[in-house]
Amino acid sequence: MRDTINEALKQAMRDKAKERLSTLRLINAAIKDMDISLRGEGREDGASDDDILKILAKMVKQRQESARTYEEGGRLDLAEREFDEIKVIEEFLPRQLEETEVVSAIDAAIAVVGASSIRDMGKIMGELKSKYTGQIDFAKAGPMVKDRLNQL
């Protein structure tokens, strides 16, 4: 994953794509911050691909919130810039699952965990996050899990 991001960074430098380069540098900085914090915890190997996916998903979410705030404030130019950054970050995330695929993943997680009530929601969400980080919007998946559990 790191290699892919670094190659994209080098290509952006060659192409003189300022905005893309800026976003890729932000991604690299976030990964390096994670590496440093993990070294403090004794993990010398740094951030894994799963850690990087979590970083990228967090970055997308932050930019979506910023864009929404800018739109509400009438700053469409800044909102557009946030959306451009989201496009660059999403290039490195896996494909988002369709709603039917999310429902299937939730059903599979319920079966794996052996969920029988709403109290098992945390276990189900943990199972989904371990397998589908970056592929599912967990803010939308939470209510879906809740609905499925209420049907049991």
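Cut-off values and rules
Residues numbered from 1 in each chain as written. Predicted model: local features only at pLDDT ≥ 70, side-chain atom pairs only at ≥ 80, totals over all residues. Heavy atoms only, no water. Helix = DSSP H or I, 4+ residues; strand = E, 2+ residues; numbered from the N terminus. Core = buried A, V, L, I, M, F, W, Y, C linked by side-chain atoms within 4.5 Å. Buried < 20%, exposed > 50% of the residue type's maximum accessible area, 1.4 Å probe, protein only. Contact = heavy atoms within 4.5 Å. Axes fitted to C-alpha atoms, helices over the stretch in contact; angles between N-to-C directions. Parallel < 35°, antiparallel > 145°, perpendicular 65-115°, else oblique. Left-handed = near helix turned anticlockwise from the far one by under 90°. Nonpolar A, V, L, I, M, F, W, Y, C, P; charged D, E, K, R; others polar.

Enquirer: I'm lost on unusual backbone geometry in this one. Help?
Expert: Across residues other than glycine, the phi torsion is negative in most instances, and most of the peptide bonds are trans. Backbone geometry at K16 places phi at a positive 55°, although glycine is not the residue there. Examined against the element boundaries, K16 turns out to sit in the loop between helix 1 (2–15) and helix 2 (18–40).

Enquirer: Even after reading the chapter, I still don't get the nonpolar core, so can you show me in this structure?
Expert: Soluble globular proteins: nonpolar side chains tend toward being buried together. Membership of the largest hydrophobic core comes to 21 residues, with the highest contact counts inside it found for L24, I27, L56 and F92. Only helix 1, helix 2, helix 3 (49–72) and helix 4 (76–90) provide two or more residues apiece to this core. With six residues, helix 3 is the largest single contributor of residues to this core. Once residues within four sequence positions are removed from consideration, I27 is found in contact with I5, L56, M59, I89 and F92. Within the second largest apolar cluster, 16 residues are counted, among which are A105, I124, F138 and M144.

Enquirer: I'm lost on the environment of T69 in this one. Help?
Expert: When you line up the elements, T69 lands in helix 3. Overall, T69 belongs to the exposed group, its relative accessible area being 52%. Counting along the chain gives 10 residues from T69 to A79, while the straight-line C-alpha distance between them is 8.0 Å.

Enquirer: Is there a simple way to explain the packing of helix 3 against helix 4 in this structure?
Expert: Two quantities define a packed helix pair, namely the angle between the axes and the distance from one axis to the other. Put simply, helix 3 and helix 4 touch, their axes get as near as 8 Å, and they point 165° apart. The angle between the axes of helix 3 and helix 4 places the two elements in the roughly antiparallel class. Every pair of crossing elements has a handedness; the one defined by helix 3 and helix 4 is left-handed. Across from L56, M59, V60, R63, Q64, S66, A67, Y70 and E71 in helix 3, the residues of helix 4 making contact are L76, L78, A79, E82, F83, E85, I86, I89 and E90. In the contact of helix 3 with helix 4, the residues fall into 11 nonpolar, two polar and five charged.

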